[in-house]
Amino acid sequence: YGNAANRGVSCCGSTPSCCGGDTPVNDHKETSARLGYSEAELSGMTPIDIQPTFTHDNFINLISPLLSGSKEKIVFVSKLKRKDGSLYPVEVHLQKSRFNDHETFSAIVLDITEKVNTEKTLKDTEEKYKAIVEDQTEFIFRWKPDGTRTFVNKRYADYYGQPAFELIGTSI
């Protein structure tokens, strides 16, 4: 892929931006403020400098469908590194484009911190609920109006001597 394989992706807020591969990030004030770097510092950095989860090789592997033309756009989750060393999660929408008669990439990078935190809270809540239900010594079960079981806890399954998955979907 020659020079195209060395192309990178910029890291912007929620607006498109372009840059070349091992060349500096071409960005704007929003990204500078979000990451804590001055615009001058940011202009001297490559995408891999601010995405520590990537090496040059695995980044090239990730974008290879764009380079080969087998995909027009890829979406992936990564973490960006701020100047203070802290990381924040992002969702990157990346596509190949042309900028000043050069092949490059355009990206929309979304801060997904709130989404990640919400998913973690939901997972924690589900685990607590599951622990409460599974640790009960009483039978806990649900069924449809026709008597088909839709849920049974471990105590219920143990009493009937069958795994829960074998009881679910059967009638009382």
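Only a predicted model underlies this, so the values are computations on that prediction, with no experimental measurement involved. (Residues numbered from 1 in each chain as written. Predicted model: local features only at pLDDT ≥ 70, side-chain atom pairs only at ≥ 80, totals over all residues. Heavy atoms only, no water.)

Concerning the environment of G169
Item 1. Within the secondary structure, G169 sits in the segment after α7 (164–167).
Item 2. When the C-alpha positions of G169 and W143 are compared, they lie 8.9 Å apart, and in sequence the two are 26 residues distant. (Helix = DSSP H or I, 4+ residues; strand = E, 2+ residues; numbered from the N terminus.)

Things to note about the side chain of R149
Item 1. When you line up the elements, R149 lands in strand β6 (residues 149–152).
Item 2. A polar contact is formed between the side chain of R149 and the backbone oxygen of S171, at a distance of 3.1 Å.
Item 3. Excluding residues that lie within four positions of it along the chain, R149 makes contacts with R142, W143, Y156, L167, I168, G169, T170, S171 and I172. (Polar contact = N/O pair within 3.5 Å; in protein donor to acceptor, adjacent residues only side chain to side chain. Contact = heavy atoms within 4.5 Å.)

Examining the environment of I168
Item 1. On the secondary structure map, I168 appears in the segment after α7.
Item 2. You can call I168 partly exposed: its relative accessible area is 37%.
Item 3. For the pair formed by I168 and R142, sequence separation is 26 residues and the distance between their alpha carbons is 9.3 Å.
Item 4. Beyond its immediate chain neighbours, meaning those up to four positions away, I168 contacts R149, T150, F151 and V152. (Buried < 20%, exposed > 50% of the residue type's maximum accessible area, 1.4 Å probe, protein only.)

Digging into the nonpolar core
Item 1. Counting residues in each nonpolar core, the largest one holds 21 residues, and the members touching the most others are L35, I63, V92 and L94.
Item 2. Per-element accounting of this core gives the leading share, five residues, to helix α4 (residues 56–68). (Core = buried A, V, L, I, M, F, W, Y, C linked by side-chain atoms within 4.5 Å.)

Overview of the side chain of S78
Item 1. Checked against the element boundaries, S78 lands in strand β2 (residues 73–81).
Item 2. At 3.1 Å, the side chain of S78 and the side chain of Q51 are in polar contact.
Item 3. Leaving out residues up to four positions away in the same chain, S78 has contacts with Q51, T53, F54, Y88, P89 and V90.

A word on the pairing of strand β3 (residues 87–99)
Consecutive residues of a regular strand have side chains that alternate between opposite faces of the sheet.
Item 1. Two elements, β2 and β3, share nine bridges in a ladder whose sense is antiparallel. Bridge pairing in β3 links V75 to H93.
Item 2. Adjacent in sequence and paired antiparallel, β2 and β3 are bridged by five residues, among which G85 carries a positive phi angle near 90°.
Item 3. In terms of strand pairing, β3 meets strand β4 (residues 102–111) through 10 bridges, oriented antiparallel. Bridged to V92 within β4 is V109.
Item 4. As consecutive antiparallel partners, β3 and β4 are separated by two residues, and within that stretch N100 has a phi angle of approximately 50°, a positive value. (Pairing = 2+ DSSP bridges.)

What about α4?
Item 1. Counted at 1.5 Å a residue, the expected span for α4 with its 13 residues is 18 Å, and the 17 Å between its end C-alpha atoms agrees.
Item 2. Along α4, the largest kink reaches about 45° and is centred on L62; proline P65 follows within four residues of it.
Item 3. Of the residues making up α4, those classed as buried are F59, I60, I63, P65, L66 and L67.
Item 4. Each element contacted by the buried residues of α4 is listed here: α3 (47–50), β2, β3 and β4.
Item 5. One or two positions beyond α4, positive phi appears at G69, with a value near 85°. (Expected span 1.5 Å × (residues − 1). Bend = angle between axes of the 7 residues up to and from the residue.)

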